[in-house]
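# What the coordinates show
Letter by letter, the chains look like this.
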Amino acid sequence: MKKIIIVVILLSFFQINAEASFWKKDEAIGNEIKQEEYPESADVEPKIVTKEEHSTTIKGGVENTLDVNLEDCLKYALGNNPRIQSAMQDVFASDSRLRQVWASYFPQFSWQSGYSRIKQLQLSDVFRENLIYNYWVLGQISASQMLYDFGVTQNQATIRRLDNQGYKVILTGTINDVVYQVKDAYYNLQYALEAKRIAEATVKQYETFYNQAKAFYQVGTKPKVDVTIAEVNLSNAKLTLIQAEHSVNIAMARLNNTIGLPYFNKYNLSDVLRFDPCDISLNKAIEITQESRPEFQLAEIKVEQARQNVKLVQKSYFPQFTIEGQYQIGGKHPTSNTGYNYGGYINFPTINGMLIKNEIREARSLYSKEQSDAINTKNDIYLEVQNAYYTLDEKKSKIPVAYLGLKQAKENYDLSAGRYKVGVGDPIELNQAQVQYQNAQLTYFQTMYEYNSARANLEKSIGRNICAGEVQLDLKTKKKIKKR
């Protein structure tokens, strides 16, 4: 019996020495909080990370890395987006159609050469013999010039000019829309990178908790279920990280497609999501819209175009003054004779009173329709501006609330992590605090993304950038961008 008691005492002594050796080996476990792992709540505000930490790449054949910011993406889009290129070609084609109308004021020339062998039936009957002869036209030069058509060509040219202006406005609207899409895709990529960074940090934190749970279990202070819970949490965090990495790839592919370079080489984002104040009144936004919104201008152009079409149809009765001349060389032999003729003409159109009368009615109805459509378009634009303005105001108001929630979640996480470190915390409580903190971070950056996207949408709605420090599109040249 004495021997058994001595053995138990020795085993207890060795166990105590083993535990003391373990805690001496890692005194931090359960006793103190490491600042590098659990910063103070005052440090909760997100900081700008380095390019290396925030960089992402697209793998390609060329191994180089570009530092890309929003201004670079806009430049690439203006030069490569196919929608912009298509709209530019419409402008060029419209300009050529305008020149085609003005061509009516230029002289027309024609050249004709030919040979004919003629046997005329009537002359053969009169002279009682078959008259067969050759007729040569070595050259026949004809020239004609329209002198006056009572303004028909002028009206046609005015309609074409308005059409050309309309296509230029459409080009501006296309650029405006592409700029918004690039900004939204760029901000979305920034958010995806922040979500990936949060997921990576969460995995590291769960790895720390998993190691702590194993250490507690090994010394007998925590049950096996704590290790299992920590292991499950770590696996879920790794799955979230995989999803975040996939979201980054999708966001980058979307940005590249918007730019017009789907197979872009490696690049790093040189900035992160940030809050840039944007203060503008609703009245000022509507005032800018009337001056800059492309669709607003296009509605007015269509009304004027319909009015000019009414004037053109009303001139369907008017004649056209033309002069014409010809010079010929030919006859029985290629150079046996010469001839010429010239004169002036009044060409009256074929008049169908019923047709022209109803064409005028149609043109007037279309003119009234365009006036109504213009009013409807302007009303829709006003509504769009108001929606964009109030949405921006909402997103702006949510940022401080989201930041406060982030700070509170971080404080709660600090308390739960500290309790768990010293061995008195519950793993379920710790997991809930960790999930709340992760969700609060995502909510904060989601709010930042929504604010920046709403600001870009307001700029699209009014047709012009309104925030200092942003890229300003030069609407005169349509080809370059500059800073305001």
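Residues numbered from 1 in each chain as written. Predicted model: local features only at pLDDT ≥ 70, side-chain atom pairs only at ≥ 80, totals over all residues. Heavy atoms only, no water.

With that settled, consider the overall build of the protein. Each helix and strand in the protein was counted, giving 11 helices and 8 strands. Burial status across the protein gives 39% buried among its 484 residues. For the protein, restricting intrachain contacts to residue pairs at least 6 apart in sequence, the fraction spanning at least 24 positions comes to 81%. Carbon together with sulfur atoms contributes 54% to the accessible area of the protein, which is approximately 28,200 Å² in total. (Helix = DSSP H or I, 4+ residues; strand = E, 2+ residues; numbered from the N terminus. Buried < 20%, exposed > 50% of the residue type's maximum accessible area, 1.4 Å probe, protein only. Contact = heavy atoms within 4.5 Å. Areas by Shrake-Rupley, 256 points an atom, 1.4 Å probe, with all protein chains shown as cover.)

Turn by turn, an α-helix covers 3.6 residues, leaving residues three or four places apart pointing in a common direction. Compared with the 52 Å implied by 1.5 Å per residue over 36 residues, the 52 Å span of helix α11 (residues 427-462) between its first and last C-alpha is a close match. Just past α11, the residue Gly463 takes up positive phi, approximately 85°. (Expected span 1.5 Å × (residues − 1).)

This next bit is on the side chain of Asp226. Looking at the element boundaries, Asp226 is found in helix α7 (residues 224-259). For Asp226, a relative accessible area of 5% corresponds to the buried category. Setting aside anything within four residues of it in sequence, one finds Asp226 in contact with Ala213, Tyr420 and Pro427.

So, about the pattern of salt bridges. This structure, assessed with the given rule, holds 21 salt bridges. Where Glu71 meets Lys75, a salt bridge forms, and the shortest distance between an N and an O atom there is 3.7 Å. You can see Glu71 and its partner Lys75 sitting in helix α3 (residues 70-80), 4 residues apart, about one turn around the helix. Taking the relative accessible area as the measure of exposure, Glu71 reaches 19% and is therefore buried. The shortest N-O distance in the salt bridge between Glu450 and Lys398 comes to 3.7 Å. In this pair, Glu450 sits in helix α11 while Lys398 sits in helix α10 (residues 353-421), placing the two residues 52 residues apart along the sequence. (Salt bridge = Lys/Arg side-chain N within 4 Å of Asp/Glu carboxyl O.)

Attention shifts here to the confidence of the model for the protein. Per-residue confidence for the protein gives a mean pLDDT of 79; residues scoring 70 or more make up 79%. Every residue in residues 1-42 scores below 50 in pLDDT, and together they form 40 contacts with partners more than four places removed in sequence or on other chains. Note on residues 468-484: pLDDT is under 50 here. Beyond four places in sequence and across chains, it has 39 contacts. (pLDDT = per-residue confidence, 0-100.)

Note on placement: Ala213 falls in helix α6 (residues 152-219). Between the C-alpha atoms of Ala213 and Glu231, which are 18 residues apart in sequence, the distance is 9.1 Å.

Attention now moves to the nonpolar core. Core analysis: the biggest nonpolar cluster contains 77 residues, and Leu189, Leu255, Tyr267 and Leu458 have the highest contact counts within it. Looking at this core, the elements with two or more residues in it are α3, α4 (82-102), α6, α7, β4 (267-269), α8 (282-292), α10 and α11. Here this core gets 20 residues from one element, more than from any other, and that element is α6. Of all hydrophobic cores here, the second largest spans 5 residues; its members include Val310, Val313, Ile356 and Ala363. (Core = buried A, V, L, I, M, F, W, Y, C linked by side-chain atoms within 4.5 Å.)

Quick look at the packing of aromatic side chains now. In this description, an aromatic ring pair is defined by two values, namely the gap between the centres and the angle between the planes. One pass over the structure, following the stated rule, counts 15 aromatic pairs. Residues Phe296 and Tyr382 carry aromatic rings whose centres are separated by 6.2 Å and whose planes lie at 55° to one another, so their mutual orientation is tilted. Residue Phe296 is found in helix α9 (residues 294-314), and its partner Tyr382 is found in helix α10; the two are separated by 86 residues along the sequence. For Tyr382, a relative accessible area of 22% gives the class partly exposed. Between Tyr389 and Tyr390, the ring centres sit 5.6 Å apart and the planes meet at 75°, which makes this aromatic pair edge-to-face. Judged by relative accessible area, which is 47%, Tyr390 ranks as partly exposed. Positioned over the ring face of Tyr437 is Lys410, at 5.8 Å from the centre of the ring. (Phe/Tyr/Trp six-rings, centres within 6.5 Å; stacked < 30°, edge-to-face > 60°. Lys NZ or Arg CZ within 6 Å of the ring centre and 35° of its normal.)

A word on α8. Among all positions of α8, only Leu282, Ala285, Ile286, Ile288, Thr289 and Ser292 are buried. End-on, the buried residues of α8 take up no more than an arc of 160°, which puts them together on one face. Exposed and facing more than 90 degrees away from the buried side of α8 are Asn283 and Glu291. Among the structural elements, α9, α10 and α11 are those in contact with the buried residues of α8. (Arc of directions from axis to C-beta.)

Right, let's get into the pairing of strand β6 (residues 337-347). Consecutive residues of a regular strand have side chains that alternate between opposite faces of the sheet. Pairing of strand β5 (residues 320-331) with β6 involves 11 bridges; the strand directions are antiparallel. Bridge assignment links Glu324 to a residue of β6, and that residue is Gly343. The turn joining β5 and β6, which pair antiparallel and follow one another in sequence, is formed by 5 residues. (Pairing = 2+ DSSP bridges.)

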